[in-house]
Every structure is written in C-alpha cells, then in structure tokens.
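In case you want the letters, here they are:
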Amino acid sequence: MEPLVDEAVDKMTTSNGELLGLAFMAFFIITLSSTARYYFKFFCFIAFSVVCAVGPVPLMLLRPRDYRNALIPAYLCVKFGKMLGASFTVRGKENINRSHGGIVLMNHQSALDLIVLAELWPIMGRSTVVAKKEVLYMFPFGTACWLWGTLFIDRQNRDSARNVIHKESKAIHEKQAKLLFFPEGTRGNGDKLLPFKKGSFHVAIESQAFIQPVVISKYHFLKSNAKIFNRGQNIIKILPEISCAGLTKDDIPALTERVQKIMQREYELLSEESLEINNISEVH
C-alpha cells in the first residue's frame, strides 16, 4: 500500500510542479510581450463570455425569448471586462425613455463592444439584437442568444430579412422593444466612423420609431495592428432620441447623414476627453 501512496504523491507533486512551471512561463511571457498579453486577454475575454452566456441556460429555459435572460451574462461580462482593464462610464441615462420602443445605434470598434451591450442591456429596457442566422447554430452559444431574444437574419435571403425586420417593427410598438444596431456593419478603429448602412433606418421609418444614438469613445487602450491591450477608462454616452414620426423612405438618406454627423461629432469629443482621462498623448 505504501509504495502506491508514495507513487501517487510523487505524481501529484510532479503534476503540481508542472502546472506551476506553466503558470510561471505564461506570466513571464505575458509580462514581457505586449503581443502575448493582447492574445491572452482576448482569449480569456471570449472564453469567459461564452461561459457566462451558456452557464445560465437552464434558468433561461424557464422564460424563453425573454430579454431578462441576458441580465446575468451582462453583469458578469461587465465585471470581467473591468478585471481585464476595459472599464466604462455610462452617461446620458436621463435620455432613456422605457415607455416606448425604438432603434438604438452604436459605433462599432471591437469584440469588446460586448461589454458596451452588457452595460446598456439592464438600463435600456426590453432590448434585443440582430445577428446572422449562422450564430444560431453555434451551439450552445447560439441557444443562449435565442433564449434572450436575439433576432436571426439570413443575409443572403432578402425576403427573409425583410420579414424579420417587419416583425421587429411590430415588436417595437407592441412590446416597447429596443432594437440595438451597429450601423457601420463592421469594426472601425479610426478617427472617423465608417459609413452607416441603411437597414436600421428602414426599420426606424417603417415603425415610425425613435432613434437613440449611443456613442462610445475611441478605444485608445486597444491597438489591434500593434497587438496592444492595455487598461483604459472609456465613455458611453446616450444621446437624446430622434423622432422618425412622419418620415418616409425618401427621407432615409438625409436621416442617415444627420444621425452620422451627430454621432461623429460626439465621437470626436468623447475620444478627446478619453485621452485626457487616461493620460495618453496620441500621435497622429
């Protein structure tokens, strides 16, 4: 018996030693290399986000397709984001009107925008987002997304997309739903917002809803090209609503330009303030 115990102890000691060694190596690499730190932080963020999303699925099954199912994942996402160094301050909460639905438009910079969604989800009211239908099949993450009410659109099928948007236009009024969009359609990390796509504006016009612009300061702490992921304090500002009452599809180009100009101006102001908050001297 004693030899077996000794052997087990030896194996445990070796195993613990190997784990400590790997942990030390990881810490050493991450400390020395900004690139390693960049990938390590993103890996941790994505992995933890998935765990946070799918962990509460058994509870979500009790009330499927309910926006409240995302409240626990949102809370955990915000807390973990702060641990990684991505902190956010939300301004303009007084501009939120939860008595009616609407279209919420946000600028898009990184996968870390998940934290922005997590910050907004509890305060906006009945929130939902639009995602490509392929996400639904990414089990179990897609299941969690479906359970908290994500709308899945087949981007290759325009008729299907229009049907979903039409249903959501109804939900904006019937359920006072807030539909969250990234109108740029893809990530941008420059000083200028990318051109806005028209899809969200079609929904706003069809539903005669309010548009609520939300602007997030530039992520100065995050530089994808240089593989830098430092710590940073960021600003989310919720701007006053813009009414679409009485507007038609002919007004979409002018409305799109108007909203983009408002958001661009605020983006520049917030990004400049963010530089000062984080004591950064940006070289252009």
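Residues numbered from 1 in each chain as written. Predicted model: local features only at pLDDT ≥ 70, side-chain atom pairs only at ≥ 80, totals over all residues. Heavy atoms only, no water.

## Observations concerning the nonpolar core
Part 1: Counting residues in hydrophobic clusters, the biggest one holds 44 residues, and the most contacted among them are Met-106 and Leu-112.
Part 2: Tallying contributions element by element places helix 5 (residues 113-124) first for this core, with 7 residues.
Part 3: Every residue in contact with Met-106, bar those within four places of it in the chain, is listed here: Val-116, Leu-117, Leu-120, Leu-180, Phe-181, Phe-182, Pro-183, Val-214, Ile-216 and Met-263.
Part 4: Judged by nonpolar contacts, the second largest core, of 28 residues, contains Ile-153, Ile-165, Ile-252 and Leu-270. (Core = buried A, V, L, I, M, F, W, Y, C linked by side-chain atoms within 4.5 Å. Buried < 20%, exposed > 50% of the residue type's maximum accessible area, 1.4 Å probe, protein only. Helix = DSSP H or I, 4+ residues; strand = E, 2+ residues; numbered from the N terminus. Contact = heavy atoms within 4.5 Å.)

## Re helix 5
Part 1: The end-to-end C-alpha distance of helix 5, which contains 12 residues, comes to 16 Å, matching closely the 16 Å that a straight helix rising 1.5 Å per residue would cover.
Part 2: Inspection of helix 5 places Asp-113, Ile-115, Val-116, Leu-117, Ala-118, Glu-119, Leu-120, Trp-121 and Met-124 among the buried residues, and these make up the whole buried set.
Part 3: At the C-terminal side of helix 5, Gly-125 shows a positive phi close to 110 degrees. (Expected span 1.5 Å × (residues − 1).)

## Examining the confidence of the model for the protein
Part 1: Per-residue confidence for the protein averages 88 on the pLDDT scale, and 87% of its residues sit at or above 70.
Part 2: Of the regions scoring below 50 in pLDDT, residues 2-14 engages in 0 contacts with residues more than four places distant in sequence or in other chains. (pLDDT = per-residue confidence, 0-100.)

## Notes on unusual backbone geometry
For residues besides glycine, phi is generally negative; the peptide bonds are generally trans as well.
Part 1: At the junction of Phe-139 and Pro-140, the peptide bond is cis and its omega measures out at 0 degrees in the coordinates.
Part 2: Take Pro-140: it is sitting in the loop between strand 3 (126-132) and helix 6 (141-147).
Part 3: One non-glycine residue, Gln-176, adopts positive backbone phi at about 55 degrees.
Part 4: Unusually for a residue other than glycine, Lys-227 sits at a positive phi of about 55 degrees.
Part 5: With respect to the element layout, Lys-227 can be found in the loop between strand 7 (222-223) and strand 8 (228-229).
Part 6: Take Lys-227: its relative accessible area is 22%, and that puts it in the partly exposed class.

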